[in-house]
Amino acid sequence: LAHKSIFRNSECPTYKKRGGSLDDCLKFYTDFGFFLRNFTTYTQENVHWRPIYSRIDEKWWPYINYVGNMEHLSEDARHFLHSIRSTKNDVSAWDHMGKKGWSDNEKSCDVSGEGSTFLEKKDTHHKTNAEDKMRMYYTPELERFIELTYWKDYYNPYFHFTPLKLFPGNDFKNKSESDDKDESDSR
């Protein structure tokens, strides 16, 4: 953690106030599993770790007309840019910039490019192998914990998430199906 002292001096005392052990926090705060199991549950007032679904009253979800995500960035950007129109000439942002993308000049991103459309260029320079890196930190148990904690986000019909499975066979549909299975297993 780049901000060790901030975390120890701010987050660990908050964790203690919520019923956690200050000693455990100071000892294990750099452990990814400890962080996920404890900080995403004990410090829910921190908006960075709360499920998105819980931040908006359920009655408002049908009125939200746009949710974009990184999984479909190019398609979501196209949809969004089509919806933005200039008050000067009624040209959409897609027609103005999206069709040709940005210039290759990173310092002049407001200049239209002459190549591929906005966000459709395959940029292997920024390829991260994120799933392989995630497997370095996640276990099947942590993946399951996150799925249970954030299931309303994963399966919110307005988010259009594609479930990511790091560990095949660690199937998860939603919390209610999981609860039904747990009850039948205990019989």
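Keep in mind the model is a prediction, meaning the values are calculated, not measured.

A. Representation of the state of the cysteines in the model. Taken as a whole, this structure holds one disulfide when the rule is applied. Here Cys-12 pairs with Cys-25 through a disulfide, and the sulfurs are 2.0 Å apart. The chirality of the disulfide connecting Cys-12 with Cys-25 is left-handed, given an S-S dihedral of about -75°. Here Cys-12, found in helix H1 (residues 4-17), pairs with Cys-25, found in helix H2 (residues 22-28); they are 13 residues apart in sequence, far enough to count as distant.

B. Layout of the nonpolar core. Counting residues in each nonpolar core, the largest one holds 17 residues, and the members touching the most others are Phe-7, Cys-25, Leu-36, Phe-39 and Tyr-138. Looking at this core, the elements with two or more residues in it are H1, helix H3 (32-42) and helix H7 (140-149). For this core, the element with the most residues is H3, which contributes four residues. Excluding residues within four positions of it along the chain, Leu-36 makes contact with Tyr-138, Leu-142, Phe-145 and Ile-146.

C. Inspection of the pattern of salt bridges at higher detail. What the rule picks out here adds up to four salt bridges. The salt bridge partner of Arg-135 is Glu-131, with a shortest N-O separation of 3.5 Å. Here the residue Arg-135 and the residue Glu-131 both occupy positions in helix H6 (residues 130-137), the gap between them amounting to four residues, near one helical turn. You can call Glu-131 partly exposed: its relative accessible area is 36%. Here Glu-147 makes a salt bridge to Lys-165, at a shortest N to O gap of 2.6 Å.

D. Representation of the side chain of Asn-156. Its location among the elements puts Asn-156 in the loop between helix H8 (151-154) and helix H9 (175-185). Overall, Asn-156 belongs to the buried group, its relative accessible area being 4%. Non-local contacts of Asn-156, meaning those with residues more than four positions away in its chain, are made with Tyr-53 and Trp-61.

E. Main features of the packing of H3 against H7. Axis separation between H3 and H7 bottoms out at 11 Å; the angle between their running directions is 15°. Judged by the angle between their axes, H3 and H7 are roughly parallel. Seen along the crossing, H3 lies across H7 with a hand that is left-handed. Counting all contacts with H3, which are made through Phe-32, Gly-33, Leu-36, Arg-37, Thr-40 and Thr-41, the residues of H7 involved are Leu-142, Phe-145 and Ile-146. Partitioning the contact of H3 with H7 into residue classes produces five nonpolar, three polar and one charged.

Reading the values: the criteria
- Per-chain numbering applies: the sequence of each chain, read as written, is numbered from 1 onward.
- Local features in a predicted model are, by the rule used here, given only for residues with pLDDT of at least 70; side-chain atom pairs are given and counted only at 80 or more, and totals for whole chains, interfaces and linings are based on all residues.
- Here the side-chain values reflect all heavy atoms present in the structure, with hydrogen atoms and water set aside.
- Count a disulfide wherever a pair of cysteine sulfur atoms falls within 2.5 Å.
- Secondary structure counts use DSSP, requiring at least four H or I residues in a row for a helix and at least two E residues in a row for a strand, with both numbered from the N terminus.
- Definition used in this section: a nonpolar core is a set of buried Ala, Val, Leu, Ile, Met, Phe, Trp, Tyr and Cys residues joined via side-chain atoms within 4.5 Å.
- Only protein chains enter the calculation, and the probe is 1.4 Å; a residue is then buried if its accessible area is under 20% of its type maximum, exposed if over 50%, and partly exposed in between.
- Residue contacts are defined here by distance: any two heavy atoms, one from each residue, within 4.5 Å place the two residues in contact.
- For this analysis, a salt bridge means a side-chain nitrogen from Lys or Arg found within 4 Å of a carboxyl oxygen belonging to Asp or Glu.
- Only the stretch in contact is used when fitting a helix axis, every axis being a line fitted to C-alpha atoms; angles between N-to-C directions are given from 0 to 180 degrees.
- These descriptions rest on fixed angle ranges, namely under 35 degrees for roughly parallel, over 145 for roughly antiparallel, 65 to 115 for roughly perpendicular, and the rest for oblique.
- Each helix crossing is assigned a hand: it is left-handed if the near helix lies turned anticlockwise from the far helix by less than a right angle, otherwise right-handed if that turn is clockwise.
- Asp, Glu, Lys and Arg are counted as charged, while Ala, Val, Leu, Ile, Met, Phe, Trp, Tyr, Cys and Pro are counted as nonpolar; the rest, among them Gly, fall into the polar class.

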